[in-house]
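# Overview (structure and organization)
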Protein chains: 2
Amino acid sequence: MKAETVEQKTDVHLLMRKIGERARDAYRVLSVASDTQKNEALIESSNAIRRNVSEILKANESDMIAARKSGLSDALIDRLKLDENRVEAMGKGLETVAAFPDPVGKIMAQWERPNGLQIERVSVPLGVIGIIYESRPNVTADAGGLCLKSGNAAVLRGGSDGFHSSRAIVECLHTGLKAADLPTEIVQIVPTRDRAAVGEMLNMHGLIDIIIPRGGKSLTERILRESRIPTIQHLDGNCHTYIHSSADAQMAEKVLLNAKLRRTGICGATESLLIDEAVSDKLLPDLIKNLLAAGCEIRGDALAQKIDSRVIPADEEDWATEYLDAVLSIKTVKNFDEAIRHINFYGSHHTDAIIAEDSAAVEAFLSEVDSAIVLHNASTQFADGGEFGMGVEIGISTGRLHARGPVGAEQLTTYKYVVRGKGQTRP
Amino acid sequence: MKAETVEQKTDVHLLMRKIGERARDAYRVLSVASDTQKNEALIESSNAIRRNVSEILKANESDMIAARKSGLSDALIDRLKLDENRVEAMGKGLETVAAFPDPVGKIMAQWERPNGLQIERVSVPLGVIGIIYESRPNVTADAGGLCLKSGNAAVLRGGSDGFHSSRAIVECLHTGLKAADLPTEIVQIVPTRDRAAVGEMLNMHGLIDIIIPRGGKSLTERILRESRIPTIQHLDGNCHTYIHSSADAQMAEKVLLNAKLRRTGICGATESLLIDEAVSDKLLPDLIKNLLAAGCEIRGDALAQKIDSRVIPADEEDWATEYLDAVLSIKTVKNFDEAIRHINFYGSHHTDAIIAEDSAAVEAFLSEVDSAIVLHNASTQFADGGEFGMGVEIGISTGRLHARGPVGAEQLTTYKYVVRGKGQTRP
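Only a predicted model underlies this, so the values are computations on that prediction, with no experimental measurement involved.

What counts and what doesn't
- Think of each chain on its own: its residues are numbered from 1, step by step along the sequence as written.
- Working convention: letters from A go to chains and numbers from 1 go to ligands, in the order in which they are written.
- pLDDT decides what is reported in this predicted model: residues at 70 or higher carry local features, side-chain atom pairs at 80 or more are listed and counted, and totals for whole chains, interfaces and linings draw on all residues regardless.
- Working definition: helices are DSSP H or I runs of at least four residues, strands are E runs of at least two. Numbering for both runs from the N terminus.
- It is over C-alpha atoms that the radius of gyration is taken, and the globule rule equals 2.2 Å times the number of residues to the power 0.38.
- Definition of nonpolar core: a set of buried Ala, Val, Leu, Ile, Met, Phe, Trp, Tyr and Cys residues joined via C-beta atoms within 7 Å.
- For every residue, the other C-beta atoms within 10 Å of its own C-beta are counted; 20 or more classify it as buried, 12 or fewer as exposed, and values in between as partly exposed. C-beta atoms are placed from the backbone.
- What counts as a contact here is a pair of residues whose C-beta atoms, placed from the backbone, lie within 7 Å.
- Here, strands pair whenever DSSP counts at least two bridges between them.
- Note on geometry: axes are C-alpha line fits, over the in-contact stretch for helices, and angles between N-to-C directions span 0 to 180 degrees.
- The length a helix should cover is 1.5 Å for every residue beyond the first.
- Residues reaching a pLDDT of at least 70 in both copies supply the C-alpha atoms on which the copies are superposed by least squares.
- What marks off one domain from the next here is an automatic or database domain assignment.
- Look down the strands so they point away from you; if going from the first strand over the helix to the second traces a clockwise path, that crossover is right-handed.
- Residue classes follow a fixed rule: Ala, Val, Leu, Ile, Met, Phe, Trp, Tyr, Cys and Pro count as nonpolar, while Asp, Glu, Lys and Arg count as charged, and any other residue, Gly among them, counts as polar.

With that settled, the discussion passes to the overall build of chain A. Counting its secondary structure elements, chain A contains 15 helices and 16 strands. Taking 2.2 N^0.38 as the reference for a compact globule, 427 residues should give roughly 22 Å; the C-alpha atoms of chain A span a radius of gyration of 24 Å, in line with that estimate. By principal-axis analysis of the C-alpha atoms, chain A measures approximately 70 × 65 × 45 Å.

Within the largest apolar cluster, 240 residues are counted, with the highest numbers of intra-cluster contacts made by Met201 of chain A together with Ala154 and Met201 of chain B. Setting aside its immediate chain neighbours within four residues, Met201 of chain B contacts Met16, Gly130, Ile132, Val155, Arg157, Ile208 and Ile211 of chain B.

Another aspect to go through is the sheet that holds strand β16 (residues 413–424) of chain B. On the basis of which strands lie adjacent, the open sheet formed by 10 strands has the order β10(A)-β9(A)-β11(A)-β8(A)-β7(A)-β12(A)-β13(A)-β16(B)-β2(B)-β1(B) and mixed pairing. Across the chains shown, the open sheet's two edge strands, defined by having one partner strand only, are β10 (312–313) of chain A together with β1 (107–112) of chain B. Note: strand β12 (residues 351–355) of chain A against strand β13 (residues 373–378) of chain A, 4 bridges, orientation parallel. Bridging from a neighbouring strand, Ala353 of chain A pairs with Leu375 of chain A of β13 of chain A. Across the sheet, helix α14 (residues 336–346) of chain A lies against β7 (239–243), β8 (270–276), β11 (327–333) and β12 of chain A, angled at about 140 degrees from β11 of chain A, the strand it touches most.

Our next topic: the sheet that holds strand β5 (residues 187–189) of chain B. Residues and elements named next belong to chain B. As summarised here, the arrangement of the 4 strands in space is β5-β4-β3-β6, forming an open sheet in which the pairing is parallel. Two strands close off the open sheet at either side, each with one partner strand: β5 and β6 (210–214). Across the sheet, the mean angle from the axis of one strand to that of its neighbour is 20 degrees, orientation sign disregarded. Note: strand β4 (residues 153–157) against β5, 3 bridges, orientation parallel. Looking at β5, one finds that Ala154 is bridged to Val187. Lying on the sheet, helix α6 (residues 137–149) is in contact with β3 (128–133), β4, β5 and β6; it crosses β4 at an angle near 165 degrees. Running over the sheet, helix α7 (residues 163–179) touches β4 and β5 and is turned about 160 degrees from β5.

What follows concerns the environment of Lys178 of chain B. Residue and element names in this part refer to chain B. Residue placement: Lys178 occurs in helix α7. In this structure Lys178 comes out as partly exposed when scored by C-beta crowding, with 15 C-beta atoms within 10 Å. For the pair Lys178 and Ser45, spaced 133 residues apart in sequence, the C-alpha separation works out to 9.4 Å.

Unusually for a residue other than glycine, His349 of chain A sits at a positive phi of about 60 degrees. Mapping His349 of chain A onto the fold places it in the loop between α14 and β12.

A few words on helix α10 (residues 249–261) of chain B. The periodicity of an α-helix, 3.6 residues per turn, causes residues three or four positions apart to be oriented the same way. The end-to-end C-alpha distance of α10 of chain B, which contains 13 residues, comes to 18 Å, matching closely the 18 Å that a straight helix rising 1.5 Å per residue would cover. When we look at burial in α10 of chain B, the residues that qualify are Met251, Ala252, Val255, Leu256, Asn258, Ala259 and Lys260 of chain B.

We now examine the pairing of strand β2 (residues 118–125) of chain B. Residues and elements named next belong to chain B. The pairing of β1 with β2 spans 5 bridges and is classified as antiparallel. Along β2, the bridge assignment pairs Ile107 with Val122. The antiparallel pairing of β1 with β2 creates a hairpin that spans 5 residues between the two strands, and Gly116 there sits at a positive phi of about 95 degrees. One ladder, built from 8 bridges, connects β2 with β16; its direction is antiparallel. Across the sheet, Ile119 pairs through a bridge with Val419, a residue of β16.

Attention now moves to the relation of the copies chain B and chain A. For the pair chain B and chain A, the relating rotation is 180 degrees, the translation along its axis is 0.0 Å, and the fit reaches an RMSD of 0.0 Å. Such a combination of rotation and displacement between the chain copies is what one expects of a two-fold axis. Residues of chain B ranked by C-alpha distance from the rotation axis are headed by His402 of chain B, positioned 1.8 Å from it. Of all interface residues in chain B, 100% are interface residues in chain A too; the two copies therefore contact each other through one and the same surface.

Before going further, it helps to spend a moment on the domain arrangement of chain A. We note that the domain assignment places domain 1 (2–232 + 407–420) and domain 2 (239–387) within chain A. One C-alpha centre belongs to domain 1 of chain A, the other to domain 2 of chain A, and the line joining them spans 35 Å.

A word on the pairing of strand β8 (residues 270–276) of chain B. Residue and element names in this part refer to chain B. For β8, the buried fraction is high: 7 of the 7 residues fall into the buried class. The pairing of strand β7 (residues 239–243) with β8 spans 5 bridges and is classified as parallel. Within β8, the position partnered with Thr241 by the bridge is Leu273. You can see the chain leave β7, run along α10 and come back into β8, and the turn it takes is right-handed.

So, on to the interface of chain B and chain A. Contact residues are listed per partner, giving 51 residues for chain B and 51 residues for chain A. Those elements that provide at least two residues to the side of chain B that touches chain A are α10, α15 (359–368), β13 (373–378) and β16 of chain B. Here the element with the most residues in the side of chain B that touches chain A is β16 of chain B; it accounts for 11 residues. For the side of chain B that touches chain A, the class distribution of residues is 22 nonpolar, 17 polar and 12 charged. For strand β16 (residues 413–424) of chain A and β13 of chain B, the ladder comprises 5 bridges, and the chain directions are parallel. Note on β13 of chain B: the bridge partner recorded for Tyr417 of chain A is Ile373 of chain B.

Listed below in structure tokens is the structure:
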């Protein structure tokens, strides 16, 4: 038994090394491919997905049967499930990515030095990107397409419940790559459900350049803990909507209800409402009534409880919690400064909004709240690459290095300095 | 004894937490400070350094005495040593940084969505930066100044051999901060030589946002291994100069000698010469003769050995070695492709140069060599923030995320998205 485990481990190790080496070779080819060639691969992949709807749905159905048997939760089953609309959305997504300008080879800056050296900063791909995600088949198409467009080779490790679906989608991407005369190893899927493969990926220094986790908190935290490879982090979205005393009451209500309840399971959903004490008496009674009527549980501080007895007492932990559910915490604040301090302290620096008409308060909020996305008079649910006009996204970065906010093709590039001389030596 | 160790550990732990908390508070103030205020602090710091030359040199002398007693190597003593010129260079560096445009608050991109949302991508500071470096007192001034300009609070942990020198320099920075009415906690130096402080810094998640190591390979590798905080890496510089068959012979010799020998201990020094076989017979005899005459040891492949019997046989390890010394490895290559493959495989993706007149070969090299800096007809020793016109630098990044190449004030920023609406909700 022990020997078998060791052997299995070795097998996975060798398998993953092989995948990594193939990815590196494929990256070398892709990194200098033309935009035309990359776009052809994307369009042909999109066509293949549309041609193969029934094969993809069949593969998904076998995943769904197994998932139901194993007792997967409804929320996860919903993420796993594909239908014709969702498959069409994947095809459309690849088309959108193809239509964007090439993020590689852009001259971001150029200057000349007094000694005549010509310096350019030029965008280049990141390299080989390992993407570790839950059983959401659409991530396979989105991530594969974004990596391809940005010149990166992708090693995809999706949740094992979506194994067959992802495989069917990757086959379509391979059809597209072949049509464009590009190596299929540009997009590889890890062909085993063995969880040891994830551990291997996190230690493939020299083969994988960047790890991107896309999934729940426990996945991303494991990766941050174990990875020896730099990651683009996507941690939690403890998002706030702050209703300032100068807010338009109707707008405040409309935006807050959308921010909280449009979809409660996404990272841009508002989890905490802050409201100036000065307008609590006027605005909170209706707000709370409407939220409760819509099925939202409310946990609030003393003042919120006083306003409506159905408000459950909130404790310290509530301020720091991303519910991802129809639950809202309410904190009344004495003034603007208390709101800012609360958000910067308890928030996760993801997305926060102010509803206000006072432009001085608005500008101070947008400047002082230290989050990837700060909004004025708009729903936090706009925190999304598609809504930002970036086509599909690979996640929303809450890290501070490299990319912040939605991660699209442009965010999957880095740069190099190209220096042209005439024989200059350094004195 | 054991109890004492535990107590010491606790002391250092508490001390470092305190420093981290102060840094966060100071960062909040600095992140919204005006450029004028930051520049005043820089200029006044520069003035204080110039006023206090003798105090700084006295502090440095006491470091030097201790270092000599403890048997520090000549190379390290040279890095530790300050004189009037080096102190003046620190003052000048701070002035240069002040003269640059504010890297914070720049609108990097802006667009409007069909629903009327106005989106801006705006540069913001990284946060609290922990800098861990060797006993090079000038890093204290450079890193402190760059962090201040870019709106970041700095926690500086310099090598213990330079303890007094760094402290004297930080006092000058504090004078500048006070003069500009900014908190002195913007630049803090770790006030203990206890090495446990480094371990603490690497785990101060939530207090320190980014770790920047600046030092030798063992320091940076330890940090990559242990840090739970994202780092801007500075690994080794195994730099190549490739003499293409189309190279101008005189230029090739002049540039190579400079690239290898101007200063052998810096990361931009060439460690390996690649040369096309077609021109080896013509160029190598003189090149080798002159390198040897200049005191450079040469390790080469069979062909290089045949050309000059004083060439020592090179082995596989030589191709991957950063000598940081007067040693050069020479590899003759059959053609351009072999050169590119060799550089991308054995190099460290830091800085590589081609000497050539054939423009097709030049463009292919600049595009295909996957390094932070690629040069044409110029010395690899130009790999330096100052030479790039960025004023002082905090190091040269060999990582692929965030910053690549010289890290100046602009590279110490990230961005946020500012979204302005009129009550939009997401459908």
